[in-house]
Amino acid sequence: MKTETANKTQNVTEKTERITGSEAIIRCLIAEGVDILYGYPGGAIMPVYDELYKFKDQISHILTRHEQGAAHAAQGYARISGRVGVAMATSGPGATNLVTGIADAQIDSTPLVCITGQVASHLLGSDAFQETDIVGISTPVTKWNCQVTKASEIPEVIAKAFYIAKSGRPGPVLIDITKDAQFGELDFKYEKCKGVRSYKPVPDTDLEAVAKAAELINNAKKPFIVWGQGIILGKAEEQLKAVVEKTGIPSAWTILGASAIPTSHPLNVGMVGMHGNYAPNVLTNECDVLIAIGMRFDDRVTGNLNTYAKQAKVIHFEIDPAEVDKNVKTDVAVLGDAKLSLTALLPLLNTNTHSEWHQKFKDLYAIEFEKIIKDDISPTKDGLTMGEVLKEININTKGNAAIVSDVGQHQMIACRYSEFNITKSNITSGGLGTMGFALPAAIGAKMAAPDREVVAIIGDGGYQMTIQELGTIFQNKVPVKIVVLNNEFLGMVRQWQQLFFDKRYASTEMTNPDFVTIAKGYYIEGKRVTKRDELAAAVKEMIASKDAYFLEVCVEKEDNVFPMIPSGASVSDIRLS
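Residues numbered from 1 in each chain as written. Predicted model: local features only at pLDDT ≥ 70, side-chain atom pairs only at ≥ 80, totals over all residues. Heavy atoms only, no water.

Notes on helix α7 (residues 154–166)
Then step 1. Given a rise of 1.5 Å per residue, 13 residues ought to cover 18 Å, and the 19 Å separating the end C-alpha atoms of α7 matches this to within 8%.
Then step 2. The buried count for α7 comes to ten of 13 residues, which makes it a mostly enclosed element.
Then step 3. Among all positions in α7, only Ile-154, Pro-155, Val-157, Ile-158, Ala-159, Ala-161, Phe-162, Tyr-163, Ile-164 and Ala-165 are buried.
Then step 4. Where α7 terminates, the next one or two residues include Gly-168, which has phi positive at roughly 55°. (Helix = DSSP H or I, 4+ residues; strand = E, 2+ residues; numbered from the N terminus. Expected span 1.5 Å × (residues − 1). Buried < 20%, exposed > 50% of the residue type's maximum accessible area, 1.4 Å probe, protein only.)

As structure tokens, this is what we get:
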């Protein structure tokens, strides 16, 4: 039934349609430009799935094999596309299974909208079948959440959810919708949200602070830039590159900032953090001005805060005021959008080269190369290394692939040795460190960027946490490339046990199944490599495949990832062995 309401002040007639809440949900998603969502049906969300079936020509639903897989797939979609990822689940266990992915998205600033079904409103609080207080559970790990109990609330809440998820510092939003709200009717009209009272997602750029930052940078003898994912989220890659090239400042990245500037850029000096490069870690404690851009001074980056960059003046470019002075005291805080702030900064900067200072980074890199990198990527020992696998992937993708890594030793190796020529190419679980992230995230990434090569790098432990998503790959014919680096251990935990627990390998050794046979059970072509002379051809065959492909590489069981900053140590105490 259609009704018409006249807007006399504008002399126009606005048409509204009387539809159900569940149809309104789908129409809202379409209005927001959602083309793919990931989820798993169940009783409390069934009315929405029924409407989704009717709109399948306008919006695709991808049935994952677990709700956690839906959340991670939506993350992968969002991270490579820059758009909002959408996941959907039923009430109770369906909703709680989303929580790990939601928490991951919160700490890594990934824009998600998660929709969960809920029992009818008159049953709330009665411990009804599959009732869980998902709003209470998810409050600490969402940017915003809301429970909807009336159909009429749906359009406004969904519009607000998308606005909050993608504005300012992005993050996940959860909407819990009761079953009676899905069945109820409303006069439907949708308007995108353009603002929320009391919520200012982007602080105004303080030009006085920008000028103070420029003065410090211009007077610095040993300036050092560390950038994070804020550059990528703020689409400020070109502005960062312009600042770096004009000033000649050596610049390093956090793992989520990787790929904002190509790996090969001469002023890109590598990764900071626990398993980052030797030079940027050591020289953090020698620089006189530290310029942090779009990063939050995570403990894996800073090590012991009592000894972190105490000699330096600290400039922090940041969109989220809560991050300023949270961990590291700043001398100049430049709040605002990174792109706007760096645009304002650039004309105030002096042209420089800092050649002597940059030479120090080159000298320390040479030490790291001789002691670590050379043996990682071109080993002389019999056993295969993770680094040489990444080297072959670089050769065959020419540095243009999106690398989706799981969590563990392989993640650090992938971040250290992947060549990144294109932004948004390093997709991994940073802050939460979620094992099982990579396989479903690679699905979402490939669907969002079908023209890009997407390679998942996974350890044998994390792979088995979401291995069921091979079914999602098979059913939807997603041509992702899956590389499992199998050392028959929970490698990162084993490394710590070796170094700090006298080699007491408590519950870290894995007895694994036949991964290739499992892949073939899902009709995915696969191969197992155990010898060096098999590797190059196998990687070439994998990348050349037009379909999904599984490659297992059996690597040295007890290889460690170095450099390494021991937990609680100073960045200056980074170990090379």
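Structure shown, so let's carry the discussion forward.
Brief notes about the domain arrangement of the protein chain
Then step 1. For the protein chain, the assigned domains are domain 1 (2–188), domain 2 (207–361) and domain 3 (378–554).
Then step 2. Summarising the inter-unit geometry, the C-alpha centres of domain 1 and domain 3 are found 32 Å apart.
Then step 3. Facing the 23 residues of domain 1 at the interface are 28 residues of domain 3.
Then step 4. Taken together, the two surfaces of domain 1 and domain 3 that pack against each other cover about 2,000 Å², and 63% of this comes from carbon and sulfur.
Then step 5. On the domain 1 side of the contact with domain 3, Arg-65, Arg-79 and Ile-80 bury the most area, a combined 35% of that side's loss.
Then step 6. Applying the counting rule to domain 1 against domain 3 returns nine residue pairs in polar contact (both at pLDDT 80 or more). (Domains from an automatic or database assignment. Contact = heavy atoms within 4.5 Å. Buried area = accessible area lost by both parts, 1.4 Å probe. Polar contact = N/O pair within 3.5 Å; in protein donor to acceptor, adjacent residues only side chain to side chain.)

What to know about the sheet that holds strand β7 (residues 144–148)
The pairing of strands in a sheet happens through backbone hydrogen bonds and is either parallel or antiparallel.
Then step 1. In spatial order, the strands read β4-β3-β5-β6-β8-β7; together these six strands make up an open sheet with parallel pairing. On the outer flanks of this sheet lie β4 (60–63) and β7, each paired with one strand and no other. Within this sheet the neighbouring strands show an average axis-to-axis angle of 20°, counted without direction.
Then step 2. Strand direction decides the pairing type here: strand β3 (residues 36–39) and β4, joined by four bridges, are parallel. When the bridges of β4 are listed, Ile-36 appears paired with Ser-60. (Pairing = 2+ DSSP bridges. Axes fitted to C-alpha atoms, helices over the stretch in contact; angles between N-to-C directions.)

Remarks on the environment of Phe-562
Then step 1. Inspection of the secondary structure assignment puts Phe-562 in the segment after β21 (549–554).
Then step 2. When near neighbours in sequence (up to four residues on either side) are disregarded, Phe-562 contacts Ile-372, Asp-376, Arg-416, Leu-499, Arg-575, Leu-576 and Ser-577.

Here's the deal with the state of the cysteines
Then step 1. By the definition in use, this model includes zero disulfides.
Then step 2. Left without a disulfide partner, Cys-146 is nearest to the cysteine sulfur of Cys-193, which lies 12 Å away. (Disulfide = S-S within 2.5 Å.)

Points about the pairing of strand β20 (residues 525–529)
Then step 1. Alignment of β20 against β21, held across five bridges, turns out to be parallel. Looking across to β21, one finds that Gly-526 is bridged to Phe-550.
Then step 2. For the segment spanning β20, helix α23 (residues 532–544) and β21, crossover handedness is right-handed. (Right-handed = clockwise from strand over helix to strand, strands pointing away.)

Regarding the packing of aromatic side chains
Then step 1. Scanning all chains against the criterion turns up ten aromatic pairs.
Then step 2. Where Tyr-365 meets Phe-369, the ring centres are 6.2 Å apart and the plane angle is 40°; that geometry is what we call tilted. With Tyr-365 and Phe-369 both in helix α15 (residues 355–377) and four residues apart, this pair spans about one turn of that helix.
Then step 3. A relative accessible area of 41% places Tyr-365 in the partly exposed class.
Then step 4. Ring plane angle 75° and centroid distance 5.5 Å describe the contact between Tyr-463 and Phe-515, whose orientation is recorded as edge-to-face. Taken as a pair, Tyr-463 in helix α19 (residues 460–463) and Phe-515 in helix α22 (residues 515–521) lie far apart in primary sequence, 52 residues in all.
Then step 5. Residue Tyr-463 is classed as buried on the basis of its relative accessible area of 1%.
Then step 6. If you follow Arg-494 out to its NZ or CZ, it ends over the ring of Phe-489, 5.7 Å from the centre. (Phe/Tyr/Trp six-rings, centres within 6.5 Å; stacked < 30°, edge-to-face > 60°. Lys NZ or Arg CZ within 6 Å of the ring centre and 35° of its normal.)

Some thoughts on the sheet that holds strand β15 (residues 332–335)
Then step 1. Judged by pairing direction, the sheet is parallel, and its six strands sit side by side in the order β12-β11-β10-β13-β14-β15 without closing on themselves. The sheet is open, and its two borders are formed by β12 (268–271) and β15, each paired with just one other strand. Between one strand and the next, the sheet's axes are offset by a mean angle of 20°, whatever the strand orientation.
Then step 2. Across three bridges, the pairing between strand β10 (residues 223–227) and strand β11 (residues 251–253) is parallel. Across the sheet, residue Ile-225 finds its bridge partner in β11, namely Ser-251.

A look at the packing of α15 against helix α17 (residues 409–417)
Then step 1. At a minimum axis separation of 12 Å, α15 and α17 run at an interaxial angle of 110°. By the criterion of interaxial angle, the relationship of α15 to α17 is roughly perpendicular. Contacts from Glu-368, Ile-372, Ile-373, Asp-376 and Ile-377 of α15 reach α17 at Ile-413, Arg-416 and Tyr-417.
Then step 2. By residue class, the composition of the contact of α15 with α17 is five nonpolar, no polar and three charged. (Parallel < 35°, antiparallel > 145°, perpendicular 65-115°, else oblique. Nonpolar A, V, L, I, M, F, W, Y, C, P; charged D, E, K, R; others polar.)

Looking at the side chain of Asp-376
Then step 1. Tracing the backbone shows Asp-376 in helix α15.
Then step 2. The charged side chain of Asp-376 is buried without a salt bridge, its nearest counter-charge being Arg-416 at 4.8 Å.
Then step 3. For Asp-376, the contacting residues outside a window of four places in its chain are Thr-385, Gly-387, Glu-388, Ile-413, Tyr-417 and Phe-562. (Lys, Arg positive; Asp, Glu negative; His and termini not counted. Salt bridge = Lys/Arg side-chain N within 4 Å of Asp/Glu carboxyl O.)

A closer look at unusual backbone geometry
Then step 1. That bond from Phe-562 to Pro-563 is cis: its omega, 0°, falls within 30 degrees of zero.
Then step 2. Mapped onto the elements of the fold, Pro-563 is located in the segment after β21.
Then step 3. Positive phi, normally seen in glycine, also occurs at Asp-325, with a value near 65°.
Then step 4. Examined against the element boundaries, Asp-325 turns out to sit in the loop between β14 (313–318) and β15.

As for helix α5 (residues 99–107)
Then step 1. Val-99, Gly-101, Ile-102, Ala-103, Asp-104 and Ala-105 are the residues of α5 that are buried.
Then step 2. Turning to α5, the residues buried within the fold contact α3 (67–81), α4 (93–96), β6 (112–118), α6 (134–138) and β8 (172–178).
Then step 3. Looking one or two residues past α5, Ser-109 carries a phi angle of roughly 55°, positive in sign.

Quick word on the nonpolar core
Then step 1. Counting residues in hydrophobic clusters, the biggest one holds 95 residues, and the most contacted among them are Phe-224, Leu-290 and Leu-345.
Then step 2. When near neighbours in sequence (up to four residues on either side) are disregarded, Leu-345 contacts Val-210, Ala-213, Ala-214, Ile-217, Val-243 and Phe-317.
Then step 3. Core analysis: the second largest hydrophobic core is formed by 51 residues, Ile-102, Cys-114, Val-404 and Phe-550 among them. (Core = buried A, V, L, I, M, F, W, Y, C linked by side-chain atoms within 4.5 Å.)

Comments concerning the pattern of salt bridges
Then step 1. Counting across every chain of the model gives 27 salt bridges.
Then step 2. The salt bridge involving Glu-323 is made with Arg-169; its shortest N-O contact spans 2.8 Å. In this pair, Glu-323 sits in the loop between β14 and β15 while Arg-169 sits in the loop between α7 and β8, placing the two residues 154 residues apart along the sequence.
Then step 3. Taking the relative accessible area as the measure of exposure, Glu-323 reaches 5% and is therefore buried.
Then step 4. A salt bridge links Lys-557 to Glu-488, with the nearest nitrogen and oxygen atoms 3.6 Å apart. Of this pair, Lys-557 sits in the segment after β21 while Glu-488 sits in the loop between β19 (481–486) and α21 (491–500), and the two are 69 residues apart along the sequence.
Then step 5. In this structure Glu-488 comes out as partly exposed when scored by relative accessible area, which is 31%.

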